[in-house]
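Chains, contacts and geometry: an overview
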Amino acid sequence: MDLKDLYQEIILDHGKNPRNLKKSDNFNKDAKGHNPLCGDKVHIYLKVDENNKISDIAFEGSGCAISMASASIMTDLMKERKEVEVKELVDDFLEMIKQNPELKSKILGENEKTKLMSLSGVKKYPMRVKCATMAWHTLTAAMKNANEETNTDKFE
Amino acid sequence: MNINNIKKQFPIFNNKVQNNDLVYLDSANSSQKPQVVVDRIYDFYTKEFSNVGRSVHYLAVAATNLYENTRVLVQKYINAKDPNEIVFTKGATEAINLVANTFGQKFLGEGDEILLTELEHHSNYVPWHYLRKSKGVKIKFAEFNSDGEVTLESIEKNITPKTKIIAITHLSNVTGAILPIKEITRLAHSKNIPVLVDGCQGAPHLKLDMQEIGCDFYAISCHKMYGPTGLGILYAKKKWLEVLPPYQGGGGMIREVKKEGITFGELPNKYEAGTMATAQVIAFGESIKFLNKIGIENIEKHENELTKYGEEILRKNNSVKLIGSPKDKGSVLSFTLDGVHAHDIATILDEDGVAIRAGHHCCQILHDKLGLSATARASLGVYNTKDDLDKLNESLNKCKKIFEG
């Protein structure tokens, strides 16, 4: 195991200065996520327009560097994405964390892939996987405008 | 007291953990086990195994005697009046559930109040919570002060004519505060209120004398006391065990079972339904002997010295903020590190073989009040040394370096 894989520059940067970390006033969908094991929380706000496209995305939350960086990178990546693209990217990311060595999605640029792959370090730290995936599961819930809190205990 | 000799009795330290010497600073969570305890489990299963209390054959009688010997060892260790005041449970959690359930059933009703503290572990809050719905009771929380202590005054302020039971921790697993349980018990008894003490953190580190403390119930977690998992102890004054209803029904706890009705057995069987954690109980006898051999006073002194040393070096580290500074403090050091979340600290420390706990430590009420979602916690046991604390500090500096770049 190597800590440098886990705490890459990109992670540390996004962990310390998370992008899109604010309460959005102008949202029409949202969902909350919670990791009861460690108390990490995330609240994702979406503005989805009439074409099912995310025109704005923001999050509030507190947690470790991995969970904050993951939410930060994810929200950056999801701006202006259509619902089908969001689903494809969430699935691709979760599969990569679970088993795939690489991301498969064709809709990502190289730069975006590099950013996302910086989260792959958690694969070697089973206890930290949920830190990386919580925001992504919560995004899926937000797209459905779920009332119920997304709870990491329920993840596969 | 030679710590190196003591440490050698714990086989876990003979092995490397991820190529590192283990620096185990998570004893408040669970302690490591001395060889004698591990051996006792092996010996019981390989040479002496039988179920207790049922059959008349040789092994059954011998096993029953071994099992009951531990009850007497525990009774003496905590200076209870009677061995029948010692009830074995599956853990301290079950011990508290037993009291909350049976005391609640018999003595609590609509509008009655249960007084806890804001320091309580979830296991001394959640069992009482059920009574809100089933009995309509109110739960009050005595506040902790800026040092992380709950004082006698804070308890007194929250007692009302409706207070029916007080349930408090002996030693906070986050701030390390040792509560004045003897004084609280005196105060409570002057108002005819019984007291339950959650002794999970107290029992492994402090000298216990039930008759001197005077509390009505005291819950113990054996795996935090150099003993096996799956075992706890409820100390309860005989007068309570006699009047409270049984907790679980099953074999072993009955006198007579008829189609039209059942009568229940005598103490301690009344509260030990089904086959108990026999091997664990017998092995826990070795934990008590281990503690007796070193002497709990010596353990307390050693851990106090280490705690002071730990506080000293962590205070010197400008990035570290200690949580709570109680005057009477057990061997728990909870802290935050500027700019680094507790879980990141725990992962980075783990790479150096330093095992700590990160999170809310099952104390969300406390963390909410402090406005923290998580803290890091180093907690000590008899096998720890100043070296361990130095390594903790070194690794914390490494965290800073990684995060500051």
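Given the structure is predicted, the values throughout are model-derived calculations rather than measurements. (Residues numbered from 1 in each chain as written. Chains lettered and ligands numbered in written order. Predicted model: local features only at pLDDT ≥ 70, side-chain atom pairs only at ≥ 80, totals over all residues.)

**Observations concerning the overall build of chain B**
This is how it is decided: For helices the rule is a DSSP run of H or I covering at least 4 residues; for strands it is a run of E covering at least 2, with both sets numbered from the N terminus onward. Neighbour density around each residue's C-beta defines its exposure: 20 or more other C-beta atoms within 10 Å make it buried, 12 or fewer make it exposed, and counts between make it partly exposed, where C-beta atoms are placed from the backbone. For every residue pair, C-beta atoms are placed from the backbone, and the pair is scored as a contact if these atoms sit within 7 Å.
Summing up its helical and strand segments, chain B has 14 helices and 15 strands in all. When the backbone C-alpha atoms are referred to their principal axes, chain B occupies close to 75 × 55 × 35 Å. Buried positions account for 49% of the 405 residues belonging to chain B. Considering only contacts within chain B whose residues lie at least 6 apart along the sequence, 72% involve residues at least 24 apart.

**Observations regarding the overall build of chain A**
Using the following cut-off: Atoms considered for the radius of gyration are the C-alpha atoms alone. The globule rule reads 2.2 Å times the number of residues to the power 0.38.
Looking only at helices and strands, chain A features six helices and four strands. Along chain A, helices (α) and strands (β) appear in the sequence α-α-β-β-β-α-α-α-α-β when read from the amino end. In terms of overall dimensions, chain A is globule-like: its C-alpha atoms have a radius of gyration of 14 Å, near the 15 Å expected for 156 residues. Every one of the 156 residues in chain A was classed for burial, and the buried ones make up 41%. In chain A, the share of contacts with a sequence separation of at least 24, taken over all contacts with a separation of at least 6, comes to 64%.

**Description of the packing of helix 3 (residues 58–77) of chain B against helix 10 (residues 278–294) of chain B**
All names here are of chain B. Heads up, the condition is: Axes here mean lines fitted to C-alpha atoms, for a helix over just the part in contact, with angles spanning 0 to 180 degrees between N-to-C directions. Between 65 and 115 degrees an angle is taken as roughly perpendicular, under 35 as roughly parallel, over 145 as roughly antiparallel, and anywhere else as oblique. Take the far helix as your reference; a near helix turned counterclockwise from it by less than a right angle gives a left-handed crossing, and one turned clockwise gives a right-handed crossing. In this classification, the charged set is Asp, Glu, Lys and Arg, the nonpolar set is Ala, Val, Leu, Ile, Met, Phe, Trp, Tyr, Cys and Pro, and all remaining amino acids, among them Gly, are polar.
Between helix 3 and helix 10, whose axes approach to 9 Å, the crossing angle comes to 45 degrees. Relative to helix 10, the element helix 3 lies oblique. The two elements helix 3 and helix 10 cross, and the hand of that crossing is left-handed. Of helix 10, the residues touching helix 3 (which contributes Ala63, Leu66, Tyr67, Asn69, Thr70, Leu73, Val74 and Tyr77) are Thr278, Val281, Ile282, Phe284, Gly285 and Ile288. In the contact of helix 3 with helix 10, the residues fall into ten nonpolar, four polar and no charged.

**Focus on the sheet that holds strand 2 (residues 40–48) of chain A**
As a general point, the strands of a sheet are linked pairwise by backbone hydrogen bonds and lie either parallel or antiparallel. Residues and elements named next belong to chain A. Threshold: The rule for pairing is simple: two strands pair if DSSP sees at least two bridges between them.
Read across the open sheet, the four strands follow the order 3-2-1-4; overall the sheet is mixed. Looking along the sheet, the strands with just one partner apiece sit at the ends: strand 3 (54–62) and strand 4 (150–151). Looking at chain direction, strand 1 (residues 29–35) and strand 2 are connected through seven bridges and run antiparallel. Bridge pairing in strand 2 links Asn35 to Asp40. Along the sheet, helix 6 (residues 129–143) contacts strand 1, strand 2, strand 3 and strand 4; its crossing angle with strand 1, the most-contacted strand, is approximately 150 degrees.

**Some words on unusual backbone geometry**
All names here are of chain B. In this structure, the amide linkage connecting Leu267 to the following residue, Pro268, adopts the cis form with an omega of 0 degrees. Here Pro268 shows up in the loop between strand 10 (261–264) and helix 10. Backbone geometry places Asn79, a non-glycine residue, at a positive phi of 50 degrees. Considering the arrangement of structural elements, one finds Asn79 in the loop between helix 3 and strand 2 (86–89). A positive phi is found at His361, a non-glycine position, where the angle reads about 50 degrees. Note on placement: His361 falls in the loop between strand 14 (357–359) and helix 13 (364–370).

**Here's the deal with the pairing of strand 10 of chain B**
Residue and element names in this part refer to chain B. Summarising the sheet, strand 9 (residues 254–258) and strand 10 pair through four bridges and their orientation is antiparallel. Bridged to Ile254 within strand 10 is Phe264. Where strand 9 hands over to strand 10, the hairpin turn is made up of two residues, counted between the paired strands.

**Points about the nonpolar core**
Here is the rule we go by: For the purposes of this analysis, a nonpolar core is taken to be any set of buried Ala, Val, Leu, Ile, Met, Phe, Trp, Tyr and Cys residues that are connected through C-beta atoms within 7 Å. The source of the domain bounds is an automatic or database domain assignment.
In terms of nonpolar packing, the biggest core is built from 112 residues, with Ile166(B), Phe217(B), Ala219(B), Ile233(B), Leu234(B), Tyr235(B) and Ile345(B) touching the most fellow members. Residues from two domains meet in this core; each of domain 1 (3–30 + 296–404) and domain 2 (38–292) of chain B gives at least three. In contact with Ile166(B), not counting residues within four places along its chain, are Leu115(B), Ile155(B), Ile184(B), Ala188(B), Ile193(B) and Val195(B). Membership of the second largest hydrophobic core comes to 38 residues, among which are Tyr45(A), Met96(A), Leu116(A) and Cys131(A).

**Things to note about helix 11 (residues 296–316) of chain B**
Residues and elements named next belong to chain B. Operational definition: One less than the number of residues in a helix, times 1.5 Å, gives the span that helix is expected to have. Taking the helix axis as origin, the arc is that swept by the directions to the C-beta atoms.
Between its first and last C-alpha, helix 11 extends 30 Å over 21 residues, near the 30 Å set by a 1.5 Å rise per residue. Along helix 11, the positions that sit buried rather than exposed are Ile299, His302, Glu303, Leu306, Thr307, Gly310 and Leu314. Considered in projection along helix 11, the buried side chains sweep an arc of 140 degrees and stay on one side of the axis. Facing away from the buried side of helix 11, by more than 90 degrees, are the exposed residues Glu297, Lys301, Glu305, Lys308, Glu312 and Lys316.

**A look at the sheet that holds strand 15 (residues 375–379) of chain B**
Residues and elements named next belong to chain B. Read from one edge of the open sheet, four strands run 11-12-15-14, paired in antiparallel fashion. Among the strands making up the open sheet, the edge pair consists of strand 11 (320–322) and strand 14. On average, each strand axis in the sheet is inclined to that of its neighbour by 30 degrees, with strand direction left out of account. Bridging between strand 12 (residues 332–337) and strand 15 involves four bridges; their strand directions are antiparallel.

**Some remarks on the domain arrangement of chain B**
Residue and element names in this part refer to chain B. Along its sequence, chain B is carved into domain 1 (3–30 + 296–404) and domain 2 (38–292). For domain 1 versus domain 2, the distance between C-alpha centres works out to 28 Å. Those elements giving two or more residues to the side of domain 1 that touches domain 2 turn out to be helix 11, strand 12, helix 13 and strand 15. If you tally residues by element for the side of domain 1 that touches domain 2, the top one is helix 11, at five residues. Looking at the side of domain 1 that touches domain 2 residue by residue, the class counts come to eleven nonpolar, eight polar and seven charged.

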